[in-house]
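If you want the building blocks of each chain, they are given just below.
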Amino acid sequence: MSQSFLKRRLSQWGSALLVACTLPACMSSKPTAEGVAASPQADFKPRAAHRDDAAQDGAKDERRQNAPTGAVAQATTVKPESPKAGSSTPPPPPRMPEPEREYDDSSAVEGAPMDEVSAVVMAAPSPATLGGAGAAPKSMEVAKRAAPGPNKSMPGLPMRKPAQDRLPPAEADTSHQGNTFENWKPNAFIETAKDPLSTFAADVDTASYTVARRYLQQGNLPPTSAVRVEEFVNYFKYRYAPPEKGAFTVHLEAAPSPFDAKRHFVRVGVQGKVVSRSQRKPAHLVFLIDTSGSMASQDKLPLAKEAIKIAVKNLNENDTVAIVTYAGSTRDVLSPTPATDVKRIHAALDGLESGGGTAMGSGMEMAYKHAVKKASGQVISRVVVLTDGDANIGSVSPESMLESIRKYVAEGVTLTTVGFGMGNYRDDMMEKLADKGNGNSFYVDSYKEAKKVFETQLTGTLEVIAKDVKLQVEFNPAAVSRYRLVGYENRDVADKDFRDDKVDAGEIGAGHNVTALYEVELVKGVKESLATVRVRAKAPNGTEASEQAFPLERSLLRDSLEAASPDFRFALAVAATADVLRGNPAAEGWSLATAQKLAEGAVGGDADRAEFVRLVTQARALSGASASGR
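Everything quoted here is computed from the prediction, not taken from an experiment. (Residues numbered from 1 in each chain as written. Predicted model: local features only at pLDDT ≥ 70, side-chain atom pairs only at ≥ 80, totals over all residues. Heavy atoms only, no water.)

Draft legend 1. Quick look at the overall build of the chain. Secondary structure assignment for the chain yields 14 helices and 20 strands. Counting every position in the chain, which comprises 630 residues, the buried fraction comes to 60%. Of the contacts made within the chain by residues no fewer than 6 positions apart, 83% connect residues no fewer than 24 positions apart. Total accessible area computed for the chain in this model is approximately 23500 Å², and 51% of it derives from carbon and sulfur atoms. (Helix = DSSP H or I, 4+ residues; strand = E, 2+ residues; numbered from the N terminus. Buried < 20%, exposed > 50% of the residue type's maximum accessible area, 1.4 Å probe, protein only. Contact = heavy atoms within 4.5 Å. Areas by Shrake-Rupley, 256 points an atom, 1.4 Å probe, with all protein chains shown as cover.)

Below, the structure written as structure tokens:
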């Protein structure tokens, strides 16, 4: 059965239609989640975002209720796009060669849960299956129709900010079908005279960048809804000087825009204090591992086990480890064990096998019971969930699970989520769980990334140095006429809640830095300061927050982009690339070539930055292929 026939059939019956395959060769093809990008994009310009007129929900204060600022949409699942009737279906763009990996990046879909809106599409072998060039790969893909309302498989999961405008499902992409992402409406420009305040929570998640990197490395543009600007920017480290005293300090800088001569960019950088491994408090880590059938492929459970071994290697003699697994049932695999007992921990990990359903709720309950026993002001207690995010929750309701997470946070237990694999990856759920658990969300696509996350980002920043960290930028209307925050849509905080210490916000671990960028329009000829940046945060075990203020003086505005620091230029290049990839209308006309040139001049020998430059090259090639219809 040809792919064009499948597309015609999907066009007739709509998305999520079960297509039967009668060819024996089709049934024998190996499942994979790989595919090719299908969304056109002209001249490297962003794909247009879509909006509807859903009512605002009052999450913002009165000034923000009428402003066209960002909001969250429903969870959407990447699904195939049916061609218009009578139109010809262009062949997919040529597959890009994949880099060598220590783990197989093919994503099995066996065990993926099916519901009334799911469809299994089995494609007959294409020329690529037989080694032909320029053809689509063999596949058995799970395509889930986007839910018209709240997420069905995870009802009751709260957002950082309630929806006030809704976006339609993400632009169709035939690659990695079945993955689910939140679709956020980008922040729009705000008139400073009407609303000079911009408030958001700190964020140090990095999952979005790693997910997008995997798409690009496998020859596909990432879905627009998979791109979160702040997670792209904060994937990278910046050379901010640590605070001389206190938990953190703020670094401010501004420079002209490379995309519009009438605009400038402002960078807000927050640097947390550094706590060495030998100085930090003892840690108790409870690894909650998904061993369901959907975790069978090499880039899931086998890679997750290796990742935990990396973490254990970097723990101290006073640290302890416990392991809980969940599939069709929950197992207490390893009781709290000293991190130095490597043989016992490795034996427990090596004995894990995948199979069964996904009862995350009961597994979470058991993991937290382990963690809370050790939680105290003198011990870091954290649950680390390793999963592809494909969860049916089990006998525990989502509401009960989230309420338990909130309760355990109050008792000193934090939650980190680490995603693996493609094909049924629940990015939306992973981020919500981490937000609710006062933790971070990561995605691991290779052994190299496992080392980065489990050796540096997890074990190296275990100790939380400040919680409920909020930032508020008050722009000076005499100096700034308009502004927009680039990203952070799902970290929005109402201006009136900035000093409400009961309102949840983000956490900063030891050594973390947080970077945010604003695009601004300045008032000509004015020499006044541009803004005042305020940071409000609680001590790790505190209930009342303290506040610091940092002025953005005119002296911090560089005359040219070349005069700005390399960190400024690189952060801007990353943010601009993400804004283009997610199809932000505010970035229409921006050039990926400009972003790439900007990044190239700020690599400074950093391997992660050099890799980013290569990814922009890949994105440019894929954007050009989509635009030309190849």
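Draft legend 2. Region of the structure containing the nonpolar core. Counting 44 residues, the largest nonpolar core has Phe232, Val233, Phe236, Phe570 and Phe612 as the members making the most contacts within it. Listing elements by their share of this core, those giving two or more residues are helix H4 (207-217), helix H5 (229-233), helix H12 (566-581), helix H13 (592-600) and helix H14 (607-628). It is H12 that provides the largest number of residues to this core, a total of eleven residues. Beyond its immediate chain neighbours, meaning those up to four positions away, phenylalanine 612 contacts Tyr209, Phe236, Phe570, Ala573, Val574, Thr577 and Ala599. The next biggest cluster of nonpolar side chains, apart from the first, holds 39 residues, and it includes Ala510, Leu530, Val533 and Val535. (Core = buried A, V, L, I, M, F, W, Y, C linked by side-chain atoms within 4.5 Å.)

Draft legend 3. Representation of the sheet that holds strand E10 (residues 320-326). The strand order E11-E10-E9-E12-E13-E14 describes an open sheet built from six strands, whose pairing is mixed. Strand pairing shows two members of the sheet lacking a second neighbour, strand E11 (330-338) and strand E14 (441-444), which therefore form its edges. Strand-to-strand twist in this sheet, taken as the mean axis angle between neighbours without regard to direction, amounts to 20 degrees. Bridge count for strand E12 (residues 380-387) against strand E13 (residues 413-420) is seven bridges, and the pairing is parallel. Looking at E13, one finds that arginine 382 is bridged to threonine 414. The strands touched by helix H10 (residues 427-436) within the sheet are E12, E13 and E14, with E13 carrying the most contacts at an inclination of about 165 degrees. (Pairing = 2+ DSSP bridges. Axes fitted to C-alpha atoms, helices over the stretch in contact; angles between N-to-C directions.)

Draft legend 4. Just the packing of aromatic side chains, in detail. All told, the structure shown has 16 aromatic pairs when counted by the stated rule. Plain terms: the ring middles of tyrosine 209 and tyrosine 235 are 4.4 Å apart, the flat faces sit at 35 degrees to each other, and that makes the pair tilted. Pair noted here: tyrosine 209 is in helix H4 and tyrosine 235 is in the loop between H5 and strand E7 (248-256), with a separation of 26 residues, a long-range link. The exposure classification of tyrosine 209 matches that of tyrosine 235, with both residues buried. On the numbers, 4.5 Å between centres and 25 degrees between planes, the contact of phenylalanine 475 with tyrosine 483 is stacked. By relative accessible area, phenylalanine 475 is classed as buried at 2%. An aromatic cluster of at least three residues, connected via ring pairs, comprises Tyr209, Phe232, Tyr235, Phe236, Phe570 and Phe612. A cation sits over an aromatic face here: lysine 407 above tyrosine 408, 5.0 Å from the ring centre. (Phe/Tyr/Trp six-rings, centres within 6.5 Å; stacked < 30°, edge-to-face > 60°. Lys NZ or Arg CZ within 6 Å of the ring centre and 35° of its normal.)

Draft legend 5. Representation of the packing of H12 against H13 in the model. Contact pair H12 / H13: the axes reach a minimum separation of 8 Å and the direction vectors enclose 155 degrees. Looking at the two axes, H12 sits roughly antiparallel to H13. Regarding H12 and H13, the two cross each other, and that crossing is left-handed. Judged by residue contacts, Arg569, Phe570, Leu572, Ala573, Ala576, Thr577 and Val580 of H12 engage Leu592, Ala595, Leu598 and Ala599 from H13. Partitioning the contact of H12 with H13 into residue classes produces nine nonpolar, one polar and one charged. (Parallel < 35°, antiparallel > 145°, perpendicular 65-115°, else oblique. Left-handed = near helix turned anticlockwise from the far one by under 90°. Nonpolar A, V, L, I, M, F, W, Y, C, P; charged D, E, K, R; others polar.)

Draft legend 6. Up close: the sheet that holds strand E8 (residues 264-272). With respect to topology, five strands assemble into an open sheet ordered E5-E16-E18-E8-E7, the strand pairing being antiparallel. With one partner strand each, in any of the chains shown, strand E5 (190-191) and E7 form the two edges of the open sheet. Set on the sheet, H12 makes contact with E7, E8, strand E16 (480-486) and strand E18 (513-522); between it and E8 the angle comes to about 110 degrees.

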